[in-house]
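So you can see what is in the structure, the chains are spelled out below.
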Amino acid sequence: MSDLKSMTIGALKAALQEGEASAQEVVEQLLTVVEEDAGRVGAFLSLDKDSVREQASVCDEVRGAGNDKKLLGIPISIKDLINVKGDPCTCSSHILEGYVAPYDATVIRKLREAGAILFGRVNMDEFAMGSSTENAALGVTSNPWRLDHVPGGSSGGSAAAVSADHTIASLGSDTGGSIRQPAAFCGCVGLKPTYGRVSRYGLTAFASSLDQIGPITKNVWDAALLLEVISGEDERDATSLREPVPSYTKALEQTTSLEGVTLGLPREYFVEGMDPEVEEAVRNAVEQCRALGAEIVDVSLPHAKYAISVYYIIATAEASANLARFDGIRYGMRVDGADPAALYAKTRASGLGDEVKRRIILGTYVLSSGYYDAYYKKAQRVQQCIRNDFESVFKECDALIAPVTPTPAYRKGEKTDDPLKMYLDDILTTSVNLAGNCALSLPCGFSSDGLPIGLQLIGNHLDEENILSIAHLYEQHTDWHKRKPEFLS
Amino acid sequence: MKQYEATIGLETHVMQQTRTKMFCGCLRVYGADANTHVCPVCVGYPGAMPVLNRKAIELCCKAGMLLGCSINRLSRWDRKNYFYPDMAKNYQITQADDPLCLGGKLEVEVDGVTKVFDIERIHQEENAAKNIHAAGASLVDYNRAGTALMEIVSTPCMHSAEDALAYMTAIKQIMQYGGISACDQEKGEMRSDVNISVRPVGQSELGAKVEIKNMNSFAFIKEAIEYEVDRQISVLEQGGTIDQETRGYDAERGETFVQRSKEDAHDYRYFPEPDLLPLTLTEEEMEAWRSELPELPAQRRARYVEELGLPAYDAAVLTADKATSDWFEAVLPYSSKAKPISNFMMGEMQRLLTEKEITIEACKMMPEALAKLVDLIDQGVISNSAGKQVFEILFDEGGTPESIIEAKGLAQVSDDCALEQWADTAIAENPKPVEEYKAGNPASINFLMGQVMKASRGKANPGAVMQLLKQKLDG
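Just so it is clear, the structure is predicted and the values come from calculations on it, not from any experiment.

**Quick notes on the overall build of chain A**
Along its length, chain A carries 16 helices and eleven strands. Its C-alpha radius of gyration of 21 Å places chain A within 12% of the 23 Å reference for a compact globule of 489 residues. With respect to the principal axes defined by its C-alpha atoms, chain A has extents near 65 × 55 × 45 Å. Here chain A holds 489 residues, and 61% of them are scored as buried. Across chain A, the fraction of contacts at a sequence separation of at least 24, relative to all contacts at a separation of at least 6, is 76%.

Encoded structure:
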């Protein structure tokens, strides 16, 4: 039997359509490798084999009856903060242990309608707070390229599973870089859609004004297809955008050259202390785009340097309210107390991890009376400046091209004692969330240690078609995305 | 001795009569089994998001229009953070800086004096769940959680319990007339927080403010205000100071007591609700709502006096509650005899409603039946006292006055033959009163009249009998 587990969505779709493989064969291969992994990569938090096999058999029946759907029989793994009816949804936190979701998130409903197989729940930093999947209360995930390195985060499980061929594709969420950074660390394609492009209904909120669900895949075409399926207006999410969803796959298939495309190179994104190998790989990618016809212009995003500060005020403020519901009263874990206040305190003290507590405290502080104007209000004003920066550069260029992270993946434990150092991981990704734009990460090289390096393409509002097309063309002319981690061979 | 002046402001919470809750599709139901009208949104499950109920917005804006507020074309949502089991998300979605309605006023008569109370704002928010403390356990019923609730905030413009009561009574009337809320206080559909301070007369700045939270009975609010004003004055009299604090009212002891001191006051950490976009209203929808606004009690009272010629007293009684006034309105198309109808409504109707302990909606009489009844009395078909009997039957059983009169044989007899016979008999059998009448004592005719009525068993038309007797005796 052919190797189905390492296929892209595109290749697998073709194999299923041609009758060369069945959904049941795909999931059996995947279940076997996940079982054999025995926690070396450790991407999964839960994987209900019975449910997966049943879904696969239904998919095969549907196809047998002569039907096809966009994702019929394609296994997709779900970050453990998206609600799937009947599944646990731990957010990698003790506080949600025992919680079983009573409803489907909108993206899950759309995946089901498209015929996808929901293939397990993947690890993450607790409540999406972290950049290494080390703040995970329920299990450790490793970078498939070097198992003693972190996979990035917070969607570390989503990226590691895709990179290790433990799934075909996955969904992650990106609040400050949580899709793009792990995709870069694990050598995957990761896309953060424009704010409002994908419904957040059913996504456990970290920072509601910044969160977006997006795909992590093995190539750009897969990301385009998955985005096509999950996007669109949702009456259950008041912040979802009304604009119709284009066919992203069609758009990128039609792009054959970068002639007439202007790419902006933001000077603030080549920060001091950047790993020279990362800089070199990104600059090579820039040259490659130039060779493909793109015009490269230097641009400036003068307020980019404030993005981290603004992000850690806005995001933590919203998180302090969003996470208040985890109180031990209605679901999840409870530690009893003499009165409600004691019950809350004990439950939250033992149920939430240090990083989550740190951010709740920070968020509570910046909203407190007497501090609100100095922190939250001011951060909102600077956020507007960051938006204006993007608005003005998109007047002169079609997309921005930049690194995703200053360094490739680092060793586990390297930054766990220094939260501030960890926060700086997000330095090149948070601006996009603050401005609401779309951006993606795709492989553009490897370090001398054999670790993947990511290239970031940042698009204007609702300009996913454009960055996907550019990325796709670049990908057609490179083969970084074809490499596989060594441990797989 | 110094003279003191009390200053009172009210924050009145009114539950709107929407079909569904404020931010989800659950039905708004009172008295259902606990936690049977809940969903991931109103129980604060992870990932659930609020969706705006447009009907609630309409009702809130209409309330604002009826109270003379200006409606904000652009209003915003905020989160108010506090931990309590009645608030599933541990924050409440409300409106802080940009509420739906701003400014407004309410003209009210207090003890015969017309006063104008200013309204600062009305904002839309969501209701809390209901905590039930029973058998050593605390339970939460989320059926009420997330229902639409608006808060009407007055300025500190009132100075007595009577002011506050008149204000709340008027608010309640307007909410009921506007179809905004039934304001059933027993169901908690109208609750008020009362802010009270006192200061020596002549002092310009207000005294320290005490808030008495969450009261639904008008009687208790009155008692609480009176108690609290006296308490604050006596503290000041004794040289003490008033602490800014939150107090509760213990109705059994008739006292207020400290619930929360200023030091323990919540920091609600308001910030913009990121799950909802700012709310923009169009000129067209506001115009449509404005055109649907009902007539308010004050306008109705004026119309009753000016157009129907009713006394002011009648107009006030009839409009005191909307159901009664609507019933009266329903009679008007069938009759132009407003005063006799008003008499029935204020007299027999009220008596029977009180006696039988039912609401006017439950009475069986059709409005057109009352119109007909009044006509029949006016035409002399039945007497006034028979009319009251018919009214009571209509009230209990419904039907038409004609069929009841027929069935009970209540019609007056104006038929000349029968009357003539009775009159002749009365004259023949009572020569003495006849003599006296003829001798110039007109009162003697009343005895003859009584005889005729007796013979007819009350059914003879008294006017016709009198006319006939006079005719016979004078002729």
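**Describing the packing of helix α7 (residues 322–331) of chain B against helix α9 (residues 367–378) of chain B**
When two helices pack together, their arrangement is given by the angle between the helix axes and the distance between those axes. Residues and elements named next belong to chain B. Between α7 and α9, the least distance of the axes is 8 Å, while the angle of their chain directions is 60 degrees. Classed by the angle they form, the pair α7 and α9 counts as oblique. The handedness of the crossing between α7 and α9 comes out as right-handed. Counting all contacts with α7, which are made through Trp327, Ala330 and Val331, the residues of α9 involved are Pro367, Leu370 and Ala371. Counted by class, the contact of α7 with α9 contains six nonpolar, no polar and no charged residues.

**Structural notes on the nonpolar core**
Counting residues in each nonpolar core, the largest one holds 229 residues, and the members touching the most others are Ile76 and Ile117 of chain A together with Tyr167 of chain B. If you tally residues by element for this core, the top one is helix α10 (residues 307–322) of chain A, at eleven residues. What Ile117 of chain A contacts, discounting residues up to four positions off in sequence, is Ala23, Val27, Val52, Gln55, Ala56, Cys59, Gly73, Ile74, Pro75 and Ile76 of chain A. Grouped together as the second largest cluster of nonpolar side chains are 28 residues, Leu318, Met345, Ile405 and Leu410 of chain B included.

**Some words on the interface of chain A and chain B**
Taken residue by residue, the interface counts 33 residues in chain A and 25 residues in chain B. When residues of the side of chain A that touches chain B are traced back to their parent elements, those giving at least two are α10, α11 (340–351) and α12 (354–367) of chain A. Per element, the largest residue contribution to the side of chain A that touches chain B is three residues, and it comes from α10 of chain A. By residue class, the composition of the side of chain A that touches chain B is 16 nonpolar, nine polar and eight charged.

**Some thoughts on the sheet that holds strand β7 (residues 262–266) of chain A**
Residue and element names in this part refer to chain A. The strand order β1-β3-β2-β4-β6-β5-β10-β11-β9-β7-β8 describes an open sheet built from eleven strands, whose pairing is mixed. Both outer strands of the open sheet, β1 (44–46) and β8 (295–299), are each paired with one neighbouring strand and no more. With strand direction ignored, the average angle separating the axes of adjacent strands in the sheet is 35 degrees. When β1 meets strand β3 (residues 117–122), the two strands line up antiparallel, connected through two bridges. By the bridge assignment, Phe44 is partnered in β3 with Val122. Running over the sheet, helix α7 (residues 220–230) touches β4 (169–174), β5 (189–192), β6 (212–217) and β10 (438–446) and is turned about 145 degrees from β6.

**A word on the environment of Lys250 of chain A**
Residue placement: Lys250 of chain A occurs in helix α8 (residues 248–254). For the pair Lys250 of chain A and Leu225 of chain A, spaced 25 residues apart in the sequence, the C-alpha separation amounts to 9.3 Å.

**A few points about the environment of Gly240 of chain B**
Checked against the element boundaries, Gly240 of chain B lands in the loop between α3 (218–237) and β14 (245–250). Residue Gly240 of chain B is classed as exposed on the basis of its C-beta count, with 10 C-beta atoms lying within 10 Å.

**Considering the domain arrangement of chain B**
According to the domain assignment, chain B contains domain 1 (4–285), domain 2 (295–408) and domain 3 (416–474). On a C-alpha basis, the centroid separation for the pair domain 1 of chain B and domain 3 of chain B is 70 Å.

**What about the sheet that holds strand β5 (residues 91–94) of chain B?**
All names here are of chain B. Reading across from one edge, β5-β4-β16 is the order of the three strands in this open sheet, with antiparallel pairing throughout. On the outer flanks of this sheet lie β5 and β16 (271–272), each paired with one strand and no other. Pairing of strand β4 (residues 78–81) with β5, which is carried by four bridges, proceeds in the antiparallel orientation. Residue pairing across strands places Arg79 opposite Ile93, the latter belonging to β5.

**Description of the pairing of strand β11 (residues 452–459) of chain A**
Residues and elements named next belong to chain A. Of all eight residues that make up β11, eight are buried, and the element is covered over most of its length. Of the two faces of β11, the one lined by Pro452, Gly454, Gln456 and Ile458 and the one lined by Ile453, Leu455, Leu457 and Gly459 are each fully buried. Here five bridges tie strand β9 (residues 399–403) to β11, and the two strands are oriented antiparallel to one another. Each bridged residue has a counterpart across the sheet, and for Ala402 the counterpart in β11 is Gln456. Taken together, the eight bridges between β10 and β11 define a ladder with antiparallel strand orientation. Pairing of Ala439 across the sheet is with Ile458, part of β11.

Analysis parameters
Residues numbered from 1 in each chain as written. Chains lettered and ligands numbered in written order. Predicted model: local features only at pLDDT ≥ 70, side-chain atom pairs only at ≥ 80, totals over all residues. Helix = DSSP H or I, 4+ residues; strand = E, 2+ residues; numbered from the N terminus. Rg over C-alpha atoms; globule rule 2.2 N^0.38 Å. Buried ≥ 20, exposed ≤ 12 C-beta atoms within 10 Å, placed from the backbone. Contact = placed C-beta atoms within 7 Å. Axes fitted to C-alpha atoms, helices over the stretch in contact; angles between N-to-C directions. Parallel < 35°, antiparallel > 145°, perpendicular 65-115°, else oblique. Left-handed = near helix turned anticlockwise from the far one by under 90°. Nonpolar A, V, L, I, M, F, W, Y, C, P; charged D, E, K, R; others polar. Core = buried A, V, L, I, M, F, W, Y, C linked by C-beta atoms within 7 Å. Pairing = 2+ DSSP bridges. Domains from an automatic or database assignment.

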